[in-house]
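# Chains, contacts and geometry: an overview
Residue-level listing of the chains:
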Amino acid sequence: MEETLKIVVLVKHVPDAQFDRHLSGEGHTTDRDESILSELDEYALEAALQLAEARGGAKAGNKVIALSMGPAGAVNAIKKSLQIGATEGVHLTDAALAGSDAAATSLALAAAVRHLGADTPVDLVLTGMASTDGETSLVPAQLAERLGLPQVTFASSLDVDGGRVSARRDADTHSETVEASLPAVVSVTDQINEPRYPNFKGIIAAKRKSITTLSLADIGVDSSQVGHAGSWTRVTAAEERPPRTAGTIITDEGDAGIKLVDFLAAQKLL
Amino acid sequence: MANVLVFIDNPGQALKKSTLELLTIARSLGETAVAVNGELSDDAVGTLGAYGAATVFRPSAADLDDYLVAPKAAFLAAAADKSGATTVLLENSPEGKEIAARLGIRLSAGVITDVVAVDPDGTAHKSVLAGSYTTTAKATTAVTVLSVKANTVDPEPATAPGAPETLTVDVPADATAAAARITSREQKVASGRPDLTDARIVVAGGRGLDGDFGPVEELADALGAAVGASRAATDAGWISHDAQVGQTGKTVSPQLYISAGISGAIQQKAGMQTAKVIVAVNKDAESPVFEIADFGIVGDLFQVLPQATEEIKKRKA
Ligand SMILES: Cc1cc2nc3c(=O)[nH]c(=O)nc-3n(C[C@H](O)[C@H](O)[C@H](O)COP(=O)(O)OP(=O)(O)OC[C@H]3O[C@@H](n4cnc5c(N)ncnc54)[C@H](O)[C@@H]3O)c2cc1C
Ligand SMILES: Nc1ncnc2c1ncn2[C@@H]1O[C@H](COP(=O)(O)O)[C@@H](O)[C@H]1O
């Protein structure tokens, strides 16, 4: 029997990309009306659940803690994670966190992870490859740097064994395998697995799972270190790009390939 | 004058175009130093001088490539300290962004990724939310770290070339202690086609290709283009995952993007809607891709693409 794991999965509540997304306010931050659990974090959650299940699941003492930092609505990302199978949820929320950039976000999340490891240590922090709104992929690397933990990012496969994590990474020119000791911060890509959907049993079971709310005071972070005040970058202007409009649409009548080439020639693209 | 540090990872025999672009931007901001990891040829040193680099910082350790990101960030942080740089520029590759991320924490510096232009005062321009907004951002810290996309400026050598001085920077002894180790590396075979991320033309195929990328590849070769794909096509294993364009694949901004047998889901659009000209071929007139196409053809790609390929060959002959 392999050792049990305590895994923290970072889940972000983001505007749904299926709708128009907008920036507003002094800090040009995203509006969060139609928000969902960031799709790319579902892969991290699935990876965590698979690791836990291979070790006997929650019954055997494995923990999969869904941690989200964000305003009140972010609790929905945690609820969804619990329905999918996380064992407990943690919501880091505080008015002072609004407008945090990656540096401030990673500072707060690092403090939250330390807080969650105060009694029994956290073995693994799993994250998505990027948030679907910020899309910077900065947070996992900054979190690893702040926690002084090994960073394994863009994992397209993941194994944990004997206190070590090994992963495969794919780049354009090469693929590589990397290895690190636990505890570690690991971000996973959408190639790693096929995330499950919440089922009826899971939705019912989620109602009995606990969600802990943490404030900055609970994790020992001063409000000046986060939010607009603690961020190291500032968005100074934002302008909506005019949406692309449809051009000429033709139906093939046997010569569309030629017309395509005529179009390219007219655009000087040949 | 402000000092600017450019990170160059494994330059190889000749400096890449994207590196020359970074050096060109650096010169517009101040006095340039470079931090180079890996082998550095005499030719490359010559080019660095031609592009105005006054100093080349080299790491005291030769094993940085054996680890993921962290020790490179530690080296770069030490080089930044030594150079007194107020701006650090890196490539916008996944690894470049992650080195930037960790460097930012080490230097207490604001990090801005996906930058397409930098003003003399350090204000960075980028687009966000899948290309639907253009924004400007600025670091509020003493040092600014920017990862800059390729193909954003034309490389230009300095008016007065110099011969850079080489200095060694001590990589902190603990830099590898908590770093993930790379245990094996397999080189992939090169396709011989242009690199997808900076190709002038991309021809991309989706589920509509039904397992046969032939028509897309032939059109791409007639145009000297790179080949791209939707996730449906890469997931099906018809083409390598490297070819995927979109939210979880590559973001491309070519002069021309030809989309064939792709419906145009939001995640696909996220990677290609900043292309200058979009052409779509799809047999379903209701496909969302037609909403953003400059020229759309409702038709069977197995008819349209080969006909276009023949016509291009004829006209070029
Ligand atoms: C988290 C997440 C991330 C994702 N990331 C990406 C990403 O990075 N990139 C990406 O592309 N997708 C991504 N997707 C998937 C995306 O949502 C779509 O499922 C995918 O883009 C569909 O690919 P497709 O257009 O090739 O297939 P389909 O949607 O099935 O479309 C096939 C099209 O081909 C047309 N067609 C069929 N036969 C022919 C023919 N003979 N001639 C002409 N036309 C024909 C059909 O009319 C149809 O429009 C992601 C999804 C998720 C959930
Ligand atoms: N506010 C947040 N709450 C929880 N997790 C987050 C938050 N922001 C970022 N993350 C995690 O970090 C990953 C990368 O995000 P980013 O660096 O913003 O692209 C996401 O996939 C999440 O797993």
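Residues numbered from 1 in each chain as written. Chains lettered and ligands numbered in written order. Predicted model: local features only at pLDDT ≥ 70, side-chain atom pairs only at ≥ 80, totals over all residues. Heavy atoms only, no water.

Helix and strand counts for chain A stand at 7 helices and 16 strands. Over its C-alpha atoms, taken along the principal directions, chain A stretches across nearly 70 × 45 × 40 Å. Buried positions account for 52% of the 270 residues belonging to chain A. Pairs at least 24 residues apart make up 72% of the contacts formed inside chain A by residues separated by at least 6 positions. Carbon and sulfur atoms form 51% of the exposed surface of chain A, whose accessible area is close to 11900 Å². For chain A, the distance from the average site of its 24 positive side-chain charges to the average site of its 37 negative ones is 5 Å. (Helix = DSSP H or I, 4+ residues; strand = E, 2+ residues; numbered from the N terminus. Buried < 20%, exposed > 50% of the residue type's maximum accessible area, 1.4 Å probe, protein only. Contact = heavy atoms within 4.5 Å. Areas by Shrake-Rupley, 256 points an atom, 1.4 Å probe, with all protein chains shown as cover. Lys, Arg positive; Asp, Glu negative; His and termini not counted. Charge placed at Lys NZ, Arg CZ, Asp CG, Glu CD.)

In terms of nonpolar packing, the biggest core is built from 105 residues, with Leu67, Leu126 and Val186 of chain A together with Leu5 of chain B touching the most fellow members. It is helix α3 (residues 102-116) of chain A that provides the largest number of residues to this core, a total of 10 residues. Beyond its immediate stretch of four places on either side in the chain, Leu126 of chain A contacts Ile7, Val8, Val9, Leu10, Ala44, Ala47, Ala48, Leu158, Val186 and Val188 of chain A. In this structure, Val261 of chain A together with Ala220, Ala233 and Ile239 of chain B belong to the second largest nonpolar core, which totals 35 residues. (Core = buried A, V, L, I, M, F, W, Y, C linked by side-chain atoms within 4.5 Å.)

Taken residue by residue, chain B gives an average pLDDT of 95. The fraction at 70 or more is 100%. Across the predicted assembly, pTM comes out at 0.93 and ipTM at 0.92. (pLDDT = per-residue confidence, 0-100.)

All names here are of chain A. You can see Asn193 is positioned in the loop between β13 (184-188) and α5 (200-206). At a separation of 3.1 Å, a polar atom in the side chain of Asn193 contacts the main-chain carbonyl oxygen of Tyr43. Apart from the residues within four sequence positions on either side, Asn193 is in contact with Tyr43, Glu46, Ala47 and Gln50. (Polar contact = N/O pair within 3.5 Å; in protein donor to acceptor, adjacent residues only side chain to side chain.)

The next point concerns the sheet that holds strand β10 (residues 157-161) of chain A. Pairing is antiparallel in the open sheet, where 4 strands are placed in the order β10(A)-β11(A)-β12(A)-β11(B). Either end of the sheet is taken by a strand with one partner, and the two such strands are β10 of chain A together with β11 (181-187) of chain B. Ignoring strand direction, the axes of neighbouring strands in this sheet form an average angle of 15°. Bridge count for β10 of chain A against strand β11 (residues 164-170) of chain A is 5 bridges, and the pairing is antiparallel. Its bridge partner being in β11 of chain A, Val160 of chain A is matched across the sheet by Val165 of chain A. (Pairing = 2+ DSSP bridges. Axes fitted to C-alpha atoms, helices over the stretch in contact; angles between N-to-C directions.)

To continue, consider the interface of chain A and chain B. Taken together, the contacts link 78 residues of chain A with 87 residues of chain B. Of the roughly 7000 Å² buried where chain A meets chain B, counting both sides, 54% is carbon and sulfur surface. Taken together, the connections running from chain A to chain B amount to 8 salt bridges. The shortest N-O distance in the salt bridge between Arg106 of chain B and Glu145 of chain A comes to 3.0 Å. Looking at the side of chain A that touches chain B, the elements that each hand over two or more residues are α1 (39-53), α4 (138-147), β9 (151-155), β11, β12 (174-181), β15 (233-240), β16 (248-251) and α7 (256-266) of chain A. Considering only residue class, the side of chain A that touches chain B consists of 31 nonpolar, 25 polar and 22 charged. Bridge count for β15 of chain A against strand β8 (residues 133-139) of chain B is 7 bridges, and the pairing is antiparallel. The partner of Glu240 of chain A across the bridge, within β8 of chain B, is Tyr133 of chain B. (Buried area = accessible area lost by both parts, 1.4 Å probe. Salt bridge = Lys/Arg side-chain N within 4 Å of Asp/Glu carboxyl O. Nonpolar A, V, L, I, M, F, W, Y, C, P; charged D, E, K, R; others polar.)

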